[in-house]
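# Examination of the molecular architecture
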Amino acid sequence: MDFRVDEAQRELAGGIRSMLEGRLPLERIRSSEGAPRTVGADDWAALGETGVFALTLPEPAGTGLGLADAAVVFEELGRSLVPGPLVGTFLAAARDLVPGAAAGRAMVGVCAGRGGPPWMLEHLSSLDAALCPGDLPSGGPTLLSAVRDAPTAQRVAEPLDPLTPLWQLTRLPAAQPLEDPEWRLFSDGAVLTAALQVGHAARTLELAVAYAKERHQFSKPIGSFQAVKHLCADMLVRAEVARAAVHAAACLADAPDVLAAEATTAGSTPAAFLRRSAAGAKLLADEAAIANARAAIQVHGGMGYTWEVPLHLHLKRSHVLATSFGAKGELAALLGSLPAGARAEP
Amino acid sequence: MDLRFTAAEQAFREELRAWLATTVPAVGPPPAHDDWPARRAYDLAWQRRLFDAGYAGVDWPVEGGGRGSSPVEQLVFKEECERAGAPYVGVNFVGLLHAGPTIIAEGSPSQRERYLPPILRGEEVWCQGFSEPDAGSDLASLRTRAVRDGDDYVVNGSKIWTSHAEVADFCELLVRTGGEGNRGISWLIVPMSSPGIEIRPLRTIEGTTEFAQLFLNDVRVPVANRVGEENDGWRVTMVTLSFERGTAFVGELLEAVRLLGELQAFGTRLDLFTGHPALLERIGHLRAAFDALWALTKRNVSEATQTGVPGIGGSVFKLAFSEHAQALGNLAMEMLAQASLCADPLHGPHGPLGNAEQVHNWYKSINLTIAAGTSQVQRNIVAERILGLPRAR
Ligand SMILES: Cc1cc2nc3c(=O)[nH]c(=O)nc-3n(C[C@H](O)[C@H](O)[C@H](O)COP(=O)(O)OP(=O)(O)OC[C@H]3O[C@@H](n4cnc5c(N)ncnc54)[C@H](O)[C@@H]3O)c2cc1C
């Protein structure tokens with residue numbers, strides 16, 4: 001067993017990071033704050049060309065990698081605040097549900113599918129379709145193909161995240177059911193969303209530590225005060241624990257034999273065990289992202305409460321991500337209702 | 001990134017599992033919590049069985065008489081032992097995990113020959129005399145003094161929180177042989193039967209005498225019992241602190257997972273979750289946390305297997321685990337309600353309530369943020385050594 005992030009994965013992450021620094025630096029991303037479309041078609045296509053949506057597709061269409069590799073890439077996307085329906089487009093591409101998704105020529109959103117009306121849909125005017133991962137009142141997962149033309153859609157004026165434009169719908173457009181007996185749409189989507197959240201958690205930690213070293217009060221760097229140090233240490237703990245959970249769930253998704261063995265030990269089925277791992281990873285990653293953004297704001301003092309410093313963008317995006325593929329209470333209740341799985345009999 | 005065990009690791013697991021399946025049922029129930037002589041005998045007997053079967057010191061290097069297994073195999077060993085319900089390392093903890101490994105790394109050939117085999121065979125118990133009444137978190141300020149007199153040191157001072165001192169044969173003792181700070185410390189092997197050692201048992205929160213205060217009055221310790229050079233004891237100590245290479249709390253983690261499952265089953269039997277979704281959510285949250293810590297453990301042992309050191313994971317694990325273990329203890333106390341008010345095993349209409357074990361676990365969880373480096377000190381370490389924030393002072 002070697003559960004470390006390997007050389008190839010580090011290179012993959014490095015490649016994505018430099019691509020993003022060149023093509024989608026923060027100033028460029030921030031220039032579309034509040035716009036109805038926050039990621040241009042050309043930028044989306046550039047992400048597609050880099051292979052972001054096609055990582056797990058077999059060659060030549062994709063790169064034939066696993067969900068663990070995708071998790072490493074999605075952590076980078078989260079870290080860099082890349083807007084757009086990243087997870088929905090990836091899931092649709094991996095299942096060949098929407099033409100052009102793999103190449104970044106289509107955008108596929110995610111519709112939480114409950115809680116409405118009104119239903120809230122992100123990036124609606126740019127979408128070619130939306131996925132409902134399986135908790136619609138009507139039953140299993142579905143694909144909403146004609147979502148952009150939904151007659152009742154109304155754009156909201158004050159979306160929480162200025163980089164995630166939002167529409168409200170009083171009626172959902174016609175849905176086409178999807179085959180997904182093993183809840184993979186949910187599991188994979190939860191893992192990738194969690195990977196984005198780990199990216200946010202890691203980035204706000206970086207920003208907090210950098211600020212704590214440079215900002216002086218009482219003639220000392222504020223990072224020398226223990227109260228500040230401990231905020232930062234707790235941020236690292238949350239990020240590392242969540243990252244391990246995300247990577248473990250992704251590795252299980254990639255290795256059916258390992259998953260089957262773990263599931264048997266836990267007295268579970270592979271599909272249920274994967275869902276459990278994905279739900280747990282999502283729960284912890286949501287918490288880490290939100291708590292780290294809050295802690296980073298605290299470390300920045302008044303500066304942290306400004307629009308200028310990007311911490312609020314991480315905080316708001318983390319809240320957006322926390323609402324798809326299971327909100328906190330749902331995930332915790334799912335995990336709490338699993339069979340107890342006490343000591344396995346030898 | 002791969003969670004797949006190698007063929008060799010898998011073979012080790014299967015062989016061990018088969019042995020445990022026949023051996024563990026023959027081991028009797030553990031003695032009472034506060035019967036230390038019986039606990040010593042029980043833990044040593046288990047160590048002897050491990051020795052006879054070739055499983056003593058799985059993680060010790062071959063030169064030290066161990067099996068020389070990788071940290072991954074060590075993880076498999078702990079996982080299988082917990083699954084099979086095998087006895088915990090108990091009073092053998094310091095011998096197997098601190099003193100033994102220190103002597104392997106820093107001891108002389110004759111020290112290795114004298115002290116290592118009895119630890120592996122389950123014949124001698126060790127305790128750790130590091131903390132003092134005035135030196136806890138700031139261990140390097142310790143004041144127990146050792147003065148050379150011919151071929152002996154004459155030791156005076158006091159140690160505190162010494163676990164299992166009452167039943168120990170030897171103590172790994174840190175003493176001051178030089179000036180102030182961490183450069184004036186030496187590491188000594190002290191027989192607990194030496195004249196001048198007084199052991200005063202201390203009662204823990206649990207009501208048992210798990211640890212003691214030691215008073216050392218003109219205790220003569222042969223210079224030959226020093227491990228490493230004089231005044232080099234701090235470095236000698238640091239060698240062992242990194243020994244467990246990422247698996248330090250695996251037994252506790254697996255035990256917590258089992259207790260969580262039992263608590264959930266208890267709640268279901270008594271229908272505590274209906275109308276109280278928050279309780280169920282807390283169970284679910286802890287399951288996510290323990291699963292994640294298991295994943296983090298796999299990451300740490302992978303790091304240790306490949307590089308020899310567990311990387312940054314040790315402090316991160318300890319901080320997170322102790323917090324979640326305390327949350328488990330608190331949840332158990334809440335759910336058990338009045339059954340949490342005693343550690344006597346209670347029975348309800350559906351059978352045993354399992355309260356005794358949960359209450360004991362709650363007690364123990366309280367010390368997780370104190371023993372082996374408090375959480376505050378761990379946070380300092382994470383902030384200063386991992387994140388590079390400026391040191392205080
Ligand atoms: C169950 C148990 C078993 C033990 N077994 C052994 C044993 O076998 N052998 C042995 O040698 N020791 C043993 N110990 C001792 C243990 O290592 C110490 O208790 C621990 O290192 C803390 O030291 P202290 O108790 O003196 O607390 P202190 O160091 O006095 O700490 C008191 C409080 O101050 C805080 N504090 C101290 N310094 C700082 C700082 N720099 N920054 C922020 N906060 C700080 C601490 O976090 C704590 O909250 C055991 C302890 C327990 C609870």
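Residues numbered from 1 in each chain as written. Chains lettered and ligands numbered in written order. Predicted model: local features only at pLDDT ≥ 70, side-chain atom pairs only at ≥ 80, totals over all residues. Heavy atoms only, no water.

Often, the extent of an interface is quoted as the loss of accessible area on bringing the components together. Per the domain assignment, the segments of chain B are domain 1 (7–88), domain 2 (126–232) and domain 3 (245–386). A separation of 32 Å is found between the C-alpha centroids of domain 2 of chain B and domain 3 of chain B. (Domains from an automatic or database assignment.)

Turning our eyes to something else, we now look at the site of the ligand. Taken together, 17 residues surround the ligand, and among them Ser131, Ser137, Trp161, Thr374 and Gln376 of chain B come closest. Around the ligand, the nearby residues trace back to chains A and B. Here an oxygen atom of the ligand and a backbone polar atom of Ser131 of chain B are 2.8 Å apart. For the ligand, a nitrogen atom lies 2.9 Å from a polar atom in the side chain of Ser163 of chain B. Contact with the protein chains hides 65% of the accessible area of the ligand, taken as 970 Å² for the molecule alone. (Near = heavy atom within 4 Å. Polar contact = N/O pair within 3.5 Å; in protein donor to acceptor, adjacent residues only side chain to side chain. Areas by Shrake-Rupley, 256 points an atom, 1.4 Å probe, with all protein chains shown as cover.)

Turning next to the pairing of strand S6 (residues 166–169) of chain A. All names here are of chain A. Both strand S2 (residues 119–122) and S6 contribute to a ladder of 4 bridges, which runs antiparallel. Bridge pairing links Glu122 to Leu166 in S6. Relative to S6, strand S5 (residues 154–155) runs antiparallel, the two sharing 2 bridges. The residue bridging Gln154 from the neighbouring strand is Gln168, located in S6. (Pairing = 2+ DSSP bridges. Helix = DSSP H or I, 4+ residues; strand = E, 2+ residues; numbered from the N terminus.)

Moving on: the pattern of salt bridges. Residues and elements named next belong to chain A. For the structure shown, the criterion picks out 50 salt bridges over all chains. One salt bridge connects Glu7 with Arg10, and the closest N-O pair in it is separated by 2.8 Å. Separated by 3 residues within a single helix, Glu7 and Arg10 lie in helix H1 (residues 7–23), roughly one turn from each other. Taking the shortest distance from any N to any O, the salt bridge between Glu287 and Lys328 comes out at 3.3 Å. Placement of the pair is Glu287 in helix H9 (residues 270–300) and Lys328 in helix H11 (residues 328–336), with a sequence separation of 41 residues. (Salt bridge = Lys/Arg side-chain N within 4 Å of Asp/Glu carboxyl O.)

This part takes up the sheet that holds S2 of chain A. Pairing between the strands of a sheet comes from backbone hydrogen bonds, and it takes one of two forms, parallel or antiparallel. Read across the open sheet, the 3 strands follow the order S2-S6-S5 (chain A); overall the sheet is antiparallel. Pairing within the sheet leaves two strands with one partner each, and these edge strands are S2 and S5 of chain A.

Our focus in this paragraph is the domain arrangement of chain A. Residue and element names in this part refer to chain A. With domains assigned, chain A is organised as domain 1 (7–177) and domain 2 (184–342). The distance between the C-alpha centroids of domain 1 and domain 2 comes to 20 Å. Roughly 3,000 Å² is buried in total at the junction of domain 1 and domain 2, and carbon and sulfur atoms are behind 67% of that figure. Together, Leu67, Glu75 and Arg79 form the three largest contributors to the area buried by domain 1 at its contact with domain 2, with a combined 22%. At the boundary of domain 1 and domain 2, one finds 4 salt bridges. Across the pair Asp161 and Arg317 runs a salt bridge whose closest N-O atoms are separated by 2.6 Å. For the pair domain 1 and domain 2, the interface holds 12 residue pairs in polar contact (both at pLDDT 80 or more). Looking at the side of domain 1 that touches domain 2, the elements that each hand over two or more residues are helix H2 (26–30), helix H4 (67–79) and helix H5 (86–94). The element best represented in the side of domain 1 that touches domain 2 is H4, accounting for 10 residues. Split by residue class, the side of domain 1 that touches domain 2 holds 23 nonpolar, 3 polar and 8 charged. (Buried area = accessible area lost by both parts, 1.4 Å probe. Nonpolar A, V, L, I, M, F, W, Y, C, P; charged D, E, K, R; others polar.)

This part covers the interface of chain B and chain A. The partner chain A presents 54 residues to the 53 residues of chain B that form the contact. A combined buried area of about 4,800 Å² lies between chain B and chain A, and 65% of that area is made up of carbon and sulfur atoms. By the criterion of area lost to chain A, the three top residues of chain B are Met1, Leu3 and Arg299 of chain B, representing 17% of everything that side buries. Applying the counting criterion to the chain B and chain A interface returns 5 salt bridges. The set of elements that each furnish at least two residues to the side of chain B that touches chain A consists of helix H3 (71–84), helix H7 (250–269), helix H8 (277–307), helix H9 (313–336) and helix H11 (375–386) of chain B. Among the elements that line the side of chain B that touches chain A, the one with the most residues is H8 of chain B, at 20 residues. Residue composition of the side of chain B that touches chain A, grouped by class: 26 nonpolar, 12 polar and 15 charged. (Contact = heavy atoms within 4.5 Å.)

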